[in-house]
Structures are given as C-alpha cells and as structure tokens.
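Descriptive structure summary
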Amino acid sequence: MLQQVMTAPGKIAFQEVPMPEVMEGQVLVRIRDIGICGSDIHVYHGEHPFTSYPVTQGHEVSGEISAIGQKVTGLQVGQKVTIEPQIYCGHCHPCRHGKYNLCEELKVMGFQDTGMASEYFAVDASKVTPIPEEMSFEEGAMIEPLAVAVHGVKQVGDVAGMNIAVIGAGPIGNLVAQAAKGMGAAKVMVTDVSSLRLEKAKECGIDVCVNTREKDFGEALLEAFGPDKADVIYDCAGNNITMGQAIQHARKGSTIVLVAVFAGMAEIDLAVANDHELDIKSTMMYRHEDYLDGIALVKEGKVHLKPLVSKVFAFQDYLEAYQYIDSNRETTMKVIIKVQ
C-alpha cells in the first residue's frame with residue numbers, strides 16, 4: 001500500500017509498504033479522507049516542538065472497516081468509522097482517573113507515532129468510533145476537531161442558557177461556537193478579523209459575528225449581551241491580544257477558557273484576572289465521550305461541517321495542499337486529503 005512520509009520540514013515522499021497485519025483486538029481501516037489542521041502545518045514548517053522526522057502524518061481521518069481481528073465485537077466490515085489518535089499508558093494518575101487525554105506519556109498518531117496517512121491502517125478496535133452511514137467521509141474526517149471543540153465547551157460544565165463569546169472564527173473557533181449553541185447556549189457571539197471566517201460562522205448559524213478590526217471587543221460584548229456581558233469567553237485564537245481582550249472585558253467573576261495553543265510565552269494581565277476573580281481554564285484534546293457527543297450534534301443538525309471544507313486534494317497532492325494553505329491563510333478553513 002501507499003504511505004505518506006514527511007521526511008523533513010516542507011518535504012513529503014510516498015513509499016510502498018506492506019499491508020498491515022490485523023492483530024487480535026484490531027481492525028483494518030481503509031482510509032478515505034484526512035483533514036489538515038494547524039498542528040500539521042506546524043510540522044510542515046518544522047515548528048512543532050514535539051515531532052521529529054521522518055513522520056507519517058494524519059490524525060483527522062475517516063474510513064471504512066475492511067477487516068476485523070479476533071476478539072473484536074460490535075464492529076463490522078464496511079462500517080464507516082473515524083479513529084481516535086491518542087496513545088496513552090493507562091497506568092499514570094490521569095489515566096487511572098479517566099483523564100487519559102492528559103496521560104503523562106501521551107503520544108498522538110501523526111506526531112509522536114505513525115499517523116494514518118496511508119491507504120490502510122490497522123488500529124486497536126477501542127480507538128475506532130462508528131459514524132452514521134449518512135455522514136460523508138469529509139464530515140467524518142472533521143469529527144476529531146469537533147471533539148476538541150466539544151471537550152473545550154464542556155470545561156465549564158453545562159452551558160445551557162448561557163451567553164457565550166468565542167474569540168477566533170477559524171475551524172476550532174467555529175466549531176466551539178457551533179457546539180456551544182448546539183449544547184443549549186442562549187446566545188453565541190464569535191469575533192475575528194477575517195470577514196470570510198465570519199461569513200462562514202453566519203452560514204453555520206452563529207447568532208452574532210463581529211469583525212474586531214471594525215468594532216472594539218468590549219463594545220461588541222455589551223451590544224450582544226448587555227451590561228452582564230458573556231458568562232464564558234472561549235479564546236480560540238491564542239495570542240496576547242486575544243487573551244488580553246478576554247481578561248480586560250470579561251464580566252467580574254466569569255470564566256475564560258483557553259482553547260487555542262499559545263505559540264510562545266504569554267504576557268497577560270494577571271493582576272486584572274486576580275482583581276476580577278476570573279476563572280481561567282484550559283482544555284486538552286478530548287475523550288471518547290466527546291466524539292460521541294460531536295457525532296450526535298452533527299446527526300441532529302446542530303453542527304454543520306460541510307461549510308468548513310475549503311478545498312479537497314488527492315492523496316499524492318499532499319504537498320500541494322500545504323502550499324495552498326500557505327498561499328491562502330486568510331481564506332482557508334479546512335483542507336481535506338482524499339486518499340481513495
């Protein structure tokens with residue numbers, strides 16, 4: 001079979017490798033679609049601190065089961081699935097307490113372990129999650145980032161009836177806004193400096209979409225929610241400006257959730273955070289229940305994934321896909337690799 005390998009930053013090769021052997025407890029998945037995310041782009045530019053080369057990428061995927069190993073139950077050949085890419089020890093304190101997304105020895109396929117950018121992939125059945133038959137493979141490849149968003153929204157518990165502000169309308173910000181609304185938030189505002197991304201948010205049904213090049217974030221909060229402002233602010237941009245906006249304008253005693261990953265050391269006003277008794281939370285990846293909840297939101301029509309697809313590339317045009325993203329940063333949401 002054919003397998004993608006990033007041999008060095010900016011360099012991608014394809015190699016013929018043997019078809020994986022399906023071991024006991026595993027399934028063989030015929031990979032259909034792969035999504036490219038911001039972390040993949042960091043690897044492409046040699047800027048990911050926890051990835052070395054060569055590496056086979058691919059952690060946002062969809063496919064169909066082509067073979068089932070012994071002692072696997074509840075799955076069948078031909079079933080549409082997505083794959084959870086976390087590899088965890090199962091023994092450390094977080095793992096023992098159900099928080100395996102925080103495993104002390106966590107590895108992620110496509111970064112610290114072999115990813116799924118190949119025609120077939122053998123994986124433990126426990127990491128395979130069925131998707132509805134009516135869901136497209138493109139949508140299936142976006143369940144992983146949706147799970148990130150769902151897990152992030154849940155960091156404050158039940159958001160039903162809350163007023164929510166989301167800073168950053170890229171793929172994750174868009175999905176956080178959609179997930180929050182789908183999980184019962186009363187009103188959701190999303191901000192960005194890209195008109196295209198804000199138009200996508202409107203297309204996905206977000207209540208208020210504000211360009212902060214044109215309107216101050218604090219003004220936007222007051223206009224959208226009144227003097228009580230937002231109950232929760234999710235920072236999905238992850239820089240000193242956006243976190244500064246959140247801390248400066250958050251209602252006293254409210255919550256800020258950092259969803260994005262900061263590129264460097266943060267410089268934020270903790271004095272104001274302290275004085276306003278702000279609850280600053282963070283979020284890391286997801287767990288299986290977040291996949292299930294994300295799939296349910298799509299199935300119920302509460303989250304829309306198709307509008308996020310900017311362009312689709314063939315498997316052997318992987319490098320061209322990265323070049324396209326680099327040339328269209330402001331207008332690109334989600335790029336999909338069509339394997340077969």
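In this text the structure is predicted, and so the values were computed from the model without any measurement.

1. Regarding the pattern of salt bridges
Evaluation of the coordinates by the stated rule reveals 17 salt bridges. The salt bridge partner of Arg 32 is Glu 64, with a shortest N-O separation of 2.9 Å. Separated by 32 residues along the polypeptide, Arg 32 in strand β3 (residues 26-36) and Glu 64 in strand β4 (residues 60-68) bring together distant segments of the chain. Accessibility expressed as a relative area gives 18% for Arg 32, which makes it buried. According to the relative accessible area criterion, Glu 64 is buried, its value standing at 17%. Between Glu 199 and Lys 202 there is a salt bridge, with the nearest N and O atoms lying 3.5 Å from each other. With Glu 199 and Lys 202 both in helix α6 (residues 195-203) and 3 residues apart, this pair spans about one turn of that helix. Taking relative accessible area as the criterion, Glu 199 reaches 46% and is therefore assigned partly exposed. The exposure class assigned to Lys 202 is partly exposed, which follows from its relative accessible area of 46%. Via salt bridges that share partners, Arg 30, Arg 32 and Glu 64 belong to a single interconnected network.

2. Section: unusual backbone geometry
In this chain, Tyr 53 is followed by Pro 54 through a cis amide linkage whose omega measures 0 degrees. Mapped onto the secondary structure, Pro 54 falls in the loop between α1 (38-44) and β4. In this model, Lys 71 sits at a positive phi of 70 degrees, which is unusual for a non-glycine residue. Assignment of secondary structure puts Lys 71 in the loop between β4 and β5 (80-83). Note on Lys 71: relative accessible area 70%, which makes it exposed. At Glu 277, a residue that is not glycine, the phi angle is positive and equals roughly 45 degrees. By the secondary structure assignment, Glu 277 is in the loop between α9 (270-275) and β15 (279-282).

3. As for the environment of Phe 262
In this structure, Phe 262 sits in the loop between β14 (255-258) and α9. Once the C-alpha coordinates of Phe 262 and Asn 240 are considered, the two residues, 22 residues apart in sequence, prove to be 8.5 Å apart.

4. What about the pairing of strand β16 (residues 309-314)?
Strand direction decides the pairing type here: β16 and strand β17 (residues 334-338), joined by 5 bridges, are parallel. If you follow Val 309 over to β17, its bridge partner there is Lys 334. Handedness of the crossover is the feature at issue here: the chain leaves β16, passes through helix α11 (residues 318-327), returns alongside β17, and the resulting connection is right-handed.

5. Brief notes about helix α5 (residues 171-182)
The terminal C-alpha atoms of α5, which comprises 12 residues, lie 16 Å apart, in line with the 16 Å expected from a rise of 1.5 Å per residue. α5 sits mainly inside the fold: 10 of its 12 residues count as buried. Taken together, the buried positions of α5 are occupied by Pro 171, Gly 173, Asn 174, Leu 175, Val 176, Ala 177, Gln 178, Ala 179, Ala 180 and Gly 182. Close packing links the buried residues of α5 with α4 (143-153), β10 (163-167), β11 (187-192), α6, β13 (232-235) and α10 (288-299). Residue Gly 184 follows α5 closely and has a positive phi angle near 105 degrees.

Each value, and the rule that gives it
Residues numbered from 1 in each chain as written. Predicted model: local features only at pLDDT ≥ 70, side-chain atom pairs only at ≥ 80, totals over all residues. Heavy atoms only, no water. Salt bridge = Lys/Arg side-chain N within 4 Å of Asp/Glu carboxyl O. Helix = DSSP H or I, 4+ residues; strand = E, 2+ residues; numbered from the N terminus. Buried < 20%, exposed > 50% of the residue type's maximum accessible area, 1.4 Å probe, protein only. Pairing = 2+ DSSP bridges. Right-handed = clockwise from strand over helix to strand, strands pointing away. Expected span 1.5 Å × (residues − 1). Contact = heavy atoms within 4.5 Å.

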